[in-house]
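Here is what each chain is made of, one letter per residue.
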Amino acid sequence: MKILFLNIWADLPFGTRHLDHREHEIWHVCDPNGLRYIRMCLADDEVRGITMPKSEDPRELLMMLQAVYAQFPFERVVALDEHTVLPAAYIREVFNIPGPRPAEVEAFRDKRRMKQILGPKGVRVIRDIEPGTITPENFRSCVIKKVDGTASGGVYLCHSYEDYAAHVDDVASGALLEEFVEGEVYHVDGAYGPNGFVAVPHLYINNCHMLYIDRKPVGSVGVDDPVLRQRMIDFTRDVVKGLPSPEGVFHMELIRTPDDELVFLEIAGRVGGGEVQHNFADAYGFDLVDFHVASQLGLSPEVGKVREGVIAGWIMMNHWEHQDGIYTGLRLDPLSEDNCLHGIGQPRLGRALIPGSTQVVKFWLRGDSTEAVTRSILELFEKAHPGSVPRPQ
């Protein structure tokens, strides 16, 4: 099979190992970061060709692909990260390639569109606010949010009128203005298709905004309460059934309010970022990336079952002292005997730490209860110290 693999505009290219470069002919579309990854992981004879766009303008990419298609008439398009799933859909439409088209993908990409679809179907979504109703005298907490942001990018929590005034111009440019919903935030990840549905909910501890903007650790832990877990699975199933896609993977976020109401936050039609993919495959025995790739290749993958009886967790940290520095390793204070730490992943010693990058130290946890894993995560927040020294001038 001739495959076009979009590996562009991603901070951390991944997925190459999920495509059999001996069985298929694969043409890569990548940026310089992706090119380094390809050279490191693949032999020259495993790559059919490489195209490197000079900008992020999708029109330029489509023009370049006209020349590619003339010599390499690709039959499928594979895209794995948030930034490439929609360009892949437009490529399929232009070249009449089977697979998800723009209308289907936009329902998982545009936060306004997904609410417009799900709200009338009875899903509790976050309500929009009219900008004119927010005044200094009548202020209430609200959220300004880009419709296509990722990892909390372009999301502003406004707890004062000054916060609101600083970002309200984004609303005129198309951003959402929404009510602020108090509660715990969960992510639910899984896969669906004609032959099944699987979902696993996790409670966030901190959030992506705190990691990438405030450089504080973020983690999540599985839900052991069987009633709450099933409610979240059923809620997620209703969301997925309400959207126009017959098969795929998802990364959904929801809020559980103090009144125990479940509120839809957003959903993406791709594998979750951070440590979601590794945790799902290692702890629950289901590889979401494998499923995602097979689905885009038209192989009708089976929605397998997840491993039961384990409560998993993960952490990411990037709060080294010298952000523009050199990584020197991890100092870990002695942990309690019942800490649920299962494994550690970290950058290569001596690696340059680039400001604003997604370089992190990772921790994986396994336990028998949400409480035990949460306690272990909080202990690691306190006792794990990623080290760095200033970069030489």
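For clarity, every value in this text was computed on a predicted model and none was experimentally measured.

Visitor: I'm lost on the overall build of the chain in this one. Help?
Guide: In terms of regular secondary structure, the chain is built from 12 helices and 18 strands. Relative to the compact-globule value of 21 Å for 393 residues, the chain shows a C-alpha radius of gyration of 22 Å, a close match. In terms of overall dimensions, the chain has C-alpha extents of about 60 × 50 × 50 Å along its principal axes. With 393 residues in all, the chain has 51% of them scored as buried. Residue pairs at least 24 apart in sequence account for 64% of intrachain contacts in the chain once pairs closer than 6 positions are excluded. Looking at the chain as shown, the accessible area adds up to about 18200 Å², and 50% of this sits on carbon and sulfur atoms. Charged side chains in the chain number 40 positive and 57 negative. The centres of these two groups are separated by 3 Å.

Visitor: Please explain the pattern of salt bridges as it appears in this structure.
Guide: For side chains bearing opposite charge, pairing can occur when the charged atoms are close. Throughout the structure, instances matching the rule amount to 24 salt bridges. Here Arg59 ties to Asp57 by a salt bridge, and the two come within 3.1 Å at their closest N and O atoms. By relative accessible area, Arg59 is classed as exposed at 62%. When salt bridges that share partners are traced, they join Lys115, Asp128, Lys145 and Glu178 into one network.

Visitor: Just checking my understanding: could you explain the environment of Val200 for this structure?
Guide: Looking at the secondary structure, you find Val200 in strand β9 (residues 196–205). Separated by 42 residues in sequence, Val200 and Gly242 have C-alpha atoms that sit 19 Å apart. Non-local contacts of Val200, meaning those with residues more than four positions away in its chain, are made with His187, Val188, Asp189, Arg229, Phe280, Tyr284 and Val306.

Visitor: Looking at this model, I keep getting lost on the packing of helix α2 (residues 58–71) against helix α3 (residues 85–95). Mind explaining?
Guide: Two packed helices can be described by the angle between their axes and the distance between those axes. The N-to-C vectors of α2 and α3 enclose an angle of 50°; their axes lie 11 Å apart at closest approach. One finds that α2 runs oblique with respect to α3. Remark: the crossing between α2 and α3 carries right-handed chirality. Together, Leu61, Leu62, Leu65, Gln66 and Tyr69 of α2 and Ile91, Val94 and Phe95 of α3 make up the contact between the two elements. Here the residues of the contact of α2 with α3 are counted per class, giving seven nonpolar, one polar and no charged.

Visitor: Please clarify how the side chain of His187 should be interpreted in this entry.
Guide: Within the element layout of this structure, His187 appears in strand β8 (residues 184–193). Here the side chain of His187 touches Ser220 through a polar contact of 2.9 Å, side chain to side chain. Those residues within four positions of His187 in sequence are excluded, and the remaining contacts are Val200, Pro201, His202, Tyr204, Ser220, His251, Met252, Glu253, Val276 and Trp314.

Visitor: Explain the sheet that holds β8 here, please?
Guide: Strands belonging to one sheet form pairs held by backbone hydrogen bonds; the direction of such a pair is parallel or antiparallel. The strand order across the open sheet formed by eight strands is β12-β11-β8-β9-β10-β13-β17-β15, and the pairing between neighbours is antiparallel. Of all strands in the sheet, those bounded by a partner on one side alone are β12 (262–268) and β15 (341–345). Here the average twist between neighbouring strands, direction ignored, is 25°. In the sheet, β9 pairs with strand β10 (residues 218–222) via four bridges, with the strands oriented antiparallel. By the bridge assignment for β10, Leu203 is matched with Val221.

What counts and what doesn't
Residues numbered from 1 in each chain as written. Predicted model: local features only at pLDDT ≥ 70, side-chain atom pairs only at ≥ 80, totals over all residues. Heavy atoms only, no water. Helix = DSSP H or I, 4+ residues; strand = E, 2+ residues; numbered from the N terminus. Rg over C-alpha atoms; globule rule 2.2 N^0.38 Å. Buried < 20%, exposed > 50% of the residue type's maximum accessible area, 1.4 Å probe, protein only. Contact = heavy atoms within 4.5 Å. Areas by Shrake-Rupley, 256 points an atom, 1.4 Å probe, with all protein chains shown as cover. Lys, Arg positive; Asp, Glu negative; His and termini not counted. Charge placed at Lys NZ, Arg CZ, Asp CG, Glu CD. Salt bridge = Lys/Arg side-chain N within 4 Å of Asp/Glu carboxyl O. Axes fitted to C-alpha atoms, helices over the stretch in contact; angles between N-to-C directions. Parallel < 35°, antiparallel > 145°, perpendicular 65-115°, else oblique. Left-handed = near helix turned anticlockwise from the far one by under 90°. Nonpolar A, V, L, I, M, F, W, Y, C, P; charged D, E, K, R; others polar. Polar contact = N/O pair within 3.5 Å; in protein donor to acceptor, adjacent residues only side chain to side chain. Pairing = 2+ DSSP bridges.

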